Every structure is written in C-alpha cells, then in structure tokens.
Amino acid sequence: MSGAGRRARTVVLVSGGGSNLQAIIDRNAGGALGLELAGVLSDRPGVRALERAAAAGIPSMVVDFAEAGTREAFAQRLAVALDGLQPDIVVLAGFMRILAHDLVNRYLGRMLNVHPSLLPLYPGLDTYRRALAAGDAWHGSTVHFVTPDLDGGPAIVQYRVRIRTGDTADTLRERVQRGEHRVYPDAIGWLAKGRLGWRDSRAWLDGRPLAAPLQVDEPDGP
Ligand code: GRF
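Source: prediction; values computed, not measured. (Residues numbered from 1 in each chain as written. Predicted model: local features only at pLDDT ≥ 70, side-chain atom pairs only at ≥ 80, totals over all residues. Heavy atoms only, no water.)

Judged by nonpolar contacts, the single largest core of 44 residues is most densely connected at Val 12, Leu 21, Leu 35, Val 91, Val 143, Ile 156 and Tyr 184. Here Leu 21 is in contact with Val 12, Val 14, Val 40, Ala 49, Arg 52, Ala 53 and Ala 93, once residues within four sequence places are set aside. Counting 21 residues, the second-largest nonpolar core is a separate cluster that includes Ala 38, Leu 78, Leu 103 and Val 104. (Core = buried A, V, L, I, M, F, W, Y, C linked by side-chain atoms within 4.5 Å. Buried < 20%, exposed > 50% of the residue type's maximum accessible area, 1.4 Å probe, protein only. Contact = heavy atoms within 4.5 Å.)

Below, the discussion takes up the pairing of strand β2 (residues 35-42). Consecutive side chains of a regular strand alternate in pointing toward one face of the sheet and then the other. The buried fraction of β2 amounts to 7 of the 8 residues, a majority that puts the element mostly inside the structure. Looking at chain direction, strand β1 (residues 8-14) and β2 are connected through 7 bridges and run parallel. The residue of β2 that forms the bridge with Leu 13 is Leu 41. Chirality of the crossover, the property in question, places the unit of β1, helix α1 (residues 19-27) and β2 among those that are right-handed. Where β2 and strand β3 (residues 60-62) come together, 3 bridges link them in parallel fashion. (Helix = DSSP H or I, 4+ residues; strand = E, 2+ residues; numbered from the N terminus. Pairing = 2+ DSSP bridges. Right-handed = clockwise from strand over helix to strand, strands pointing away.)

In this section: the sheet that holds strand β10 (residues 208-209). The antiparallel open sheet is built from 3 strands, whose spatial order is β8-β9-β10. The open sheet has two edge strands, β8 (196-199) and β10, and neither has a second partner. Here 2 bridges tie strand β9 (residues 202-205) to β10, and the two strands are oriented antiparallel to one another. Of the residues in β10, the one forming a bridge with Trp 204 is Pro 209.

Another aspect to go through is the site of the ligand. As a matter of local geometry, the ligand sits amid Gly 17, Gly 18, Ser 19, Asn 20, Gly 94, Val 114, Pro 116, Gln 177 and Glu 180. Contact between the ligand and Ser 19: an oxygen atom at 2.6 Å from a side-chain N or O atom of the residue. Note that a nitrogen atom of the ligand is positioned 2.9 Å from one of the backbone N or O atoms of Val 114. In isolation the ligand exposes 370 Å². Once the protein is present, 84% of that is buried. (Near = heavy atom within 4 Å. Polar contact = N/O pair within 3.5 Å; in protein donor to acceptor, adjacent residues only side chain to side chain. Areas by Shrake-Rupley, 256 points an atom, 1.4 Å probe, with all protein chains shown as cover.)

This part takes up the packing of α1 against helix α7 (residues 169-192). As a packed pair, α1 and α7 sit with axes 9 Å apart at the nearest point and diverge in direction by 50°. Classified by the interaxial angle, the pair formed by α1 and α7 is oblique. The way α1 lies across α7 gives a crossing that is right-handed. On α7, the residues that touch Ser 19, Asn 20, Ala 23, Ile 24 and Arg 27 of α1 are Gln 177, Glu 180, His 181, Arg 182, Tyr 184, Pro 185, Asp 186 and Ile 188. The residue makeup of the contact of α1 with α7, split by class, is 5 nonpolar, 4 polar and 4 charged. (Axes fitted to C-alpha atoms, helices over the stretch in contact; angles between N-to-C directions. Parallel < 35°, antiparallel > 145°, perpendicular 65-115°, else oblique. Left-handed = near helix turned anticlockwise from the far one by under 90°. Nonpolar A, V, L, I, M, F, W, Y, C, P; charged D, E, K, R; others polar.)

This part covers the packing of aromatic side chains. Under the criterion given, the structure shown has 2 aromatic pairs. Summarising the aromatic geometry, the rings of Phe 65 and Phe 74 are spaced 5.0 Å apart at their centres and angled 65° between planes, so their arrangement reads as edge-to-face. Residue classification places Phe 65 among the partly exposed positions, given a relative accessible area of 22%. Judged by its relative accessible area of 4%, Phe 74 falls in the buried class. Ring centres of Phe 145 and Trp 198 lie 5.2 Å apart, and the angle between their planes is 70°; on these two criteria the pair is classed as edge-to-face. Residue Phe 145 is located in strand β6 (residues 138-145), and its partner Trp 198 is located in strand β8; the two are separated by 53 residues in the primary sequence. Judged by relative accessible area, Phe 145 falls into the buried class, the value being 0%. Classification of Trp 198 as partly exposed rests on a relative accessible area of 25%. Directly above the aromatic system of Phe 65 lies the positively charged group of Arg 97, at a separation of 3.6 Å from the ring centroid. The side chain of Arg 199 reaches across the aromatic face of Trp 204, ending 3.8 Å from its centre. (Phe/Tyr/Trp six-rings, centres within 6.5 Å; stacked < 30°, edge-to-face > 60°. Lys NZ or Arg CZ within 6 Å of the ring centre and 35° of its normal.)

So this is what it looks like as structure tokens:
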C-alpha cells in the first residue's frame, strides 16, 4: 500500500468500546505497523473508543447517526468526513452501521473489517449466541476485505477458539476478542506494508491469491 518509509494514512471507524482500536494503537507504537493513524470516526457520541483516540492523540469526529435523521443523510455526512481525511486505509473496528455501496466501492481493497464469526458462518448480529445455540465445536473471528456484500468480502485471517463446556456468549466473546486483538493489527499492518493486497476481487498475500484465510488457533490452556 505505501512505499518504503511512508506510513499509510489510516482512519478507524468505531461505535463502541474500541478494544480493537486500542490494540491497533498499541501495536502501531513507533509506527511499527506502518500506519499513520489519521482519524477516528464514530457514529455515536460518548463512546469509550473516542476516549481511547483522545488518549492516543488521534483526532476524532462524531458523525451522529441519530442527529442525521435518515440513512441517506448519515451516509452523505460520513462520506464527507471520511473522504476529507484522505485515508489510504479504512479500518472498521466495531462499527455498527451498514455502509453505502458507493462508499464501500470507493475504498475497495483498502477497507478491512473484523467480524466475530468464522465466516461464511453467521454473518450479521448475535454470532456468539447463534454459535452456542447451534452446538458448534468452534467459534472465532474473521478479518476480511469489505465489499458491498455484507460480511461477505474475501477473508484474510481467521482466529479460532474451541467452544468449551459451560461457555456463555460472554466467555466466548472474551476469548475471541483476545484473538482479534492479535490478528487484526497483523492484517492491517500487512496491508499498510504492501504484503496484503486486492486484485481480481481476491485477497493476495505475499504475491499469491489466498484460496482460504490463514488460520490461527487459540493456544490450549485455561
Ligand atoms: C469486535 O469484537 C468485532 O468482532 C465486532 O465488534 C466488536 C467491537 O469491539 N465487529 P471493540 O469496539 O473493538 O471493543
């Protein structure tokens, strides 16, 4: 994505706690991931992610969905805010709004998301409860390129955790998020440094198309 020496201007879209944002900030210390964290955009005021941005000295902006009134007005305001920051890379980190197709298409190959399921299983919401209700043996999270197909873009890396007896949505979420905090900054860094790319509607890593996402499993133990 960026040439040698230049950091990729990166904007992170958030809606809530921002633990993934924090992981990205921490891992990028000293520019280690190749990112210039140029801005954080939230669709709601008062969220913890905005405090994390402030503490790290990253400019942030709220494009308030409630205030925009309509989906169209929100989409337009968000597009103006995002384009104004001129990002090389757009990172969705717990952003809870569906983006307009034209915005997604403008950043195709440069926009990543992390979704808490082993896609293509369980696109959409409530993935922990759904995996538990189905009696699945594994759950996890997928880092993928964002395309207009919701939670359907090419997958890059999956973090898998084995579902344990007695797991609840909360215990599962905690373990899955621990993995997200590891694999999501990795993938963002690969994109920033040009190891990860987008060609012919596919994800490429180190010069080869990814036939399947990389797989990282939770280490055994408590
Ligand atoms: C993450 O677990 C991610 O899978 C999902 O939303 C959650 C956001 O958490 N897309 P946080 O705001 O990064 O703590």
